[in-house]
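This is what each chain is made of:
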Amino acid sequence: MGASQTRTEDVFQELSDKTGFSLEQIRILHKRFRQLSGDEDTISKENLEKIQALDKNPIRNQIIEAFFDKRNQNDGEVGSSREIGFQQFVKVMCHFKPPTLKMTTEDKEAMRREKLRFLFNMHDTDNDGTITLDEYRKVVEELLSKSGAIGLEAAKAIADAAMLEVASINVPHMEPHEFYEGITFEHFEQILKGLEMESRMNIRFLDVDTSTMHCGKSQ
Amino acid sequence: MGLFFNPFNNLICILLGISLTVWFTMLLVFIIVPAIFGVSFGIRRLYMKTLLKVFKWATLRLERGAKEKNHLLYKPYSNAIIAREPTSLEEEIKEIRRSGSNRDLNSASEFEMSDIFYFARRGVESIMDDEVTKRFSAEELQSWNLLTRSNYNFHYISLRLTVLWGLGLLIRYGFLLPLRVTLAFTGVGLLVFLTSIVGLLPNGRVKNYLSEKVHLMCYRICVRALTAIITYHDSENKPKNGGICVANHTSPIDVIILASDGCYAMVGQIHGGLMGVIQRSMVKACPHIWFERSEVKDRHLVAKRLTDHAEDKSKLPILIFPEGTCINNTSVMMFKKGSFEIEAKVYPVAIKYDPRFGDAFWNSSKYGMVSYLLRMMSSWAIVCSVWYLPPMFREEGEDAVQFANRVKAAIARQGGLVDLLWDGGLKRGKVKDTFKEEQQKLYSKILVGAQEDRSRS
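Residues numbered from 1 in each chain as written. Chains lettered and ligands numbered in written order. Predicted model: local features only at pLDDT ≥ 70, side-chain atom pairs only at ≥ 80, totals over all residues. Heavy atoms only, no water.

Quick look at the overall build of chain B now. Secondary structure assignment for chain B yields 14 helices and twelve strands. In chain B, which comprises 457 residues, the proportion classed as buried is 48%. Look at the contacts in chain B between residues 6 or more apart in sequence, and 78% of them connect residues 24 or more apart. Only carbon and sulfur atoms are counted for the fraction: they give 62% of the accessible area of chain B, which is about 23300 Å². (Helix = DSSP H or I, 4+ residues; strand = E, 2+ residues; numbered from the N terminus. Buried < 20%, exposed > 50% of the residue type's maximum accessible area, 1.4 Å probe, protein only. Contact = heavy atoms within 4.5 Å. Areas by Shrake-Rupley, 256 points an atom, 1.4 Å probe, with all protein chains shown as cover.)

Once that is clear, we can look at the side chain of Ser 37 of chain A. Along the polypeptide, Ser 37 of chain A turns up in helix α2 (residues 23–37). On the basis of relative accessibility, which here comes to 5%, the residue Ser 37 of chain A falls in the buried class.

What follows covers the packing of helix α6 (residues 105–123) of chain A against helix α4 (residues 116–128) of chain B. Relative to each other, α6 of chain A and α4 of chain B sit at 95°, their axes nearing to 12 Å. Our classification of the angle between α6 of chain A and α4 of chain B gives roughly perpendicular. Taken together, the residues of α4 of chain B that come into contact with α6 of chain A (itself represented by Leu 116, Leu 119, Met 122 and His 123 of chain A) are Ile 116, Phe 117 and Ala 120 of chain B. (Axes fitted to C-alpha atoms, helices over the stretch in contact; angles between N-to-C directions. Parallel < 35°, antiparallel > 145°, perpendicular 65-115°, else oblique.)

Moving on, we get to the confidence of the model for chain B. Residue and element names in this part refer to chain B. Overall, the prediction assigns chain B a mean pLDDT of 73, with 68% of residues at 70 or greater. Overall, residues 100–110 carries pLDDT values under 50, and its contacts beyond four positions in sequence, including any with other chains, amount to 25 contacts. This stretch, residues 421–435, has a pLDDT under 50; its non-local contacts, to residues over four places away or in other chains, come to 29 contacts. Interface predicted TM-score (ipTM) for the complex: 0.77; the corresponding pTM is 0.57. (pLDDT = per-residue confidence, 0-100.)

This paragraph deals with the pattern of salt bridges. All names here are of chain A. All told, the structure shown has nine salt bridges over all chains when counted by the stated rule. In this structure, Asp 124 and Arg 71 form a salt bridge, with 3.6 Å as the shortest nitrogen-oxygen distance. Of this pair, Asp 124 sits in the loop between α6 and β3 (130–131) while Arg 71 sits in the loop between α4 (60–68) and β2 (83–84), and the two are 53 residues apart along the sequence. Across the pair, Arg 71 and Asp 124 agree in class, each one buried. Linked by salt bridges that have partners in common, Asp 69, Arg 71 and Asp 124 make up one network. (Salt bridge = Lys/Arg side-chain N within 4 Å of Asp/Glu carboxyl O.)

Together, Arg 45, Lys 49, Lys 53 and Lys 56 of chain B make up a region of like positive charge exposed at the surface. Its location among the elements puts Lys 53 of chain B in helix α2 (residues 43–69). (Patch = residues over 30% accessible without salt bridge, like charges linked within 9 Å, V, L, I, M, F, W, Y side chains within 5 Å. Lys, Arg positive; Asp, Glu negative; His and termini not counted. Charge placed at Lys NZ, Arg CZ, Asp CG, Glu CD.)

Next up on the list: the pairing of strand β11 (residues 382–388) of chain B. All names here are of chain B. Burial runs high along β11: seven of the seven residues are buried. The side-chain alternation of β11 yields two buried faces, one formed by Ile 382, Cys 384, Val 386 and Tyr 388 and the other by Val 383, Ser 385 and Trp 387. Strand direction decides the pairing type here: strand β4 (residues 228–233) and β11, joined by six bridges, are parallel. Each residue of the ladder has a partner; that of Ile 229, found in β11, is Val 383. With five bridges joining them, strand β10 (residues 345–353) and β11 adopt antiparallel strand pairing. Counterpart to Ile 351 in the pairing with β11 is Val 386. (Pairing = 2+ DSSP bridges.)

What follows deals with the packing of aromatic side chains. Taken as a whole and judged by the stated rule, the model has seven aromatic pairs over all chains. Ring centres of Phe 96 of chain A and Phe 118 of chain A lie 5.3 Å apart, and the angle between their planes is 85°; this geometry places the pair in the edge-to-face category. Remark: Phe 118 of chain A occurs in helix α6 and Phe 96 of chain A occurs in the loop between α5 (86–94) and α6; sequence separation between them is 22 residues. When sorted by exposure, Phe 96 of chain A lands in the same class as Phe 118 of chain A, which is buried. Pairwise contacts between aromatic rings join Phe 12, Phe 33, Phe 67, Phe 86 and Phe 89 of chain A into one cluster. The aromatic ring of Phe 185 of chain A is capped on one face by Arg 117 of chain A, whose charged end is 4.4 Å from the ring centroid. Sitting above the plane of the Trp 380 of chain B ring, Arg 172 of chain B keeps its charged end 5.6 Å from the centroid. (Phe/Tyr/Trp six-rings, centres within 6.5 Å; stacked < 30°, edge-to-face > 60°. Lys NZ or Arg CZ within 6 Å of the ring centre and 35° of its normal.)

Moving on, we come to α2 of chain A. Residues and elements named next belong to chain A. In a regular helix each residue adds 1.5 Å, so 15 residues correspond to 21 Å; α2 covers 21 Å between its end C-alpha atoms and thus fits that length. Of the positions making up α2, those classed as buried are Gln 25, Ile 26, Ile 28, Leu 29, Arg 32, Phe 33, Gln 35, Leu 36 and Ser 37. Just downstream of α2, Gly 38 is the residue with a positive phi angle, here 65°. (Expected span 1.5 Å × (residues − 1).)

Turning to the pairing of strand β6 (residues 265–269) of chain B, a few remarks are in order. Residues and elements named next belong to chain B. Pairing analysis gives two bridges linking β6 to strand β8 (residues 318–320), with the strands arranged parallel. Bridge pairing links Ala 265 to Ile 318 in β8. Sheet topology places β6 next to strand β7 (residues 289–291); three bridges connect them, and they run parallel. Looking across to β7, one finds that Val 267 is bridged to Ile 289. In the classification by handedness, the crossover that spans β6, the intervening helix α9 (residues 273–285) and the parallel β7 is right-handed. (Right-handed = clockwise from strand over helix to strand, strands pointing away.)

This is the structure we're talking about:
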């Protein structure tokens, strides 16, 4: 019992150093991981699909897929895993950390790029490095069409208009015979250049176990 | 027959008289006298330790009961992993688009690439922290404190637990509640009476000294009336004259907790009724800042009076709760900047309640003041910690809002509270959850509505 405890603690410490979460946050994340996986060592797509709160989200499938997408692990691999372990789970969570006060501008830029990359990967489902019209249409449809207020045709039209806009921004002088291949990552960055991401793509992870505070001598 | 009853009656009267006398003497000796001198016998801490042991036992029984039936227990206080901000879909999308570089829209009209941010974040939030998975799990239950109002697992109570709970009920309502109510009345009554007397004296050092003693004594009695067990940390940073003391706000009891350890000038609106009587008599003994209802709206007047008070070094530090409303003690919300525009030293204070003994949070939309006080007085105890933080000044080039946020962050960090950005006023208007299709409907309505507007114009 004792040996395995220290080994887990070491793993946590290593993860904490690598990802920038505090040790306490890693412990809490681990608890959450165990809750989701039903006390197993890996999470599969079915585990995530069971979450009721996620049902309300229009792009639920894309989000679940993002956890299993190997590109978000920054290992250089592509493709999709069937199940993920705790380390991969935490790495995906890293994309949602807020910038700290101590970060330099370069660090903040890098973090911003990582977050944009995460979203880019969500759109680019065939891993070819560009978001084609079809891929973009799919996302828009997910967001809109099932409600009935906007039909499939309208959703398509909206997607087309958006793509046109992207194209006009990035490749302003396109010849009539040229075909806009798709949104590359650089174009993606360009479109969302001014967007203030610091509060949009952040999840505030709590530091302290807020459920019980002990009264008594101050530490 | 008559002869038989007479001595019996007498006996009863004598017994009653004796027990009442004993009762009041004990009250005096163990509670009121220590309150006057500010010493403590340590009875309350002993009480707290005993209670904790009992709670632990009760929890184990509950867990055992649940395990026998092979069910999961419902945890009312589970670890929050993330802080969720309950802004609505429309607001967030507007925010996202406003900060985008392409257009400056005032309404969320056309589909933008950045809209997906909102859904992505919400989705990951749900994965991280959803109500269902979090609350029903096989982990250790936090302790149950024998109050039905905080017990959600009542299927698993055995006979022994029920007996214990019944005993607890008897003790709380039969013994503790009357005791506390007596003390409360004594405390308040003494406050009104003694401050009026002190108010008759001419202004001077004697008056200030006496007023301080009187205030402290009465607040200490009130603290005992609530059985509040308070631990003060870092008392060397206690607020001094001519400063402003700023604290986070969970319940009206915060005032009593802080004021029993030091003298403050209170700020507030004059009420009618009993509160008004108390306020008027308090202000006779030492200068508090009470506003008429009409004056409250006038921000300049408020600021001026506060500044005048703070500049006078002989006056007590002002006590302000900048959040403006009671928060549920896991987070610190937006501090209103008004208190920070005044040129004075700010002494931040963090107050954190221990939830194991009862929830001190006052949800003013749910409970009135009287029912809240009754709830407080019929729970076991109120245990909290107070941290006095070192004073802070407004720095060069810092405006009131930034200063307020800096103070807020310091308080949140010390008390282990979450530092949230939004306004406490949102508490009154909860955001409803919608299902996936409704979310889509809402989103598409936003787009379609705008398109219709455009085609019309």
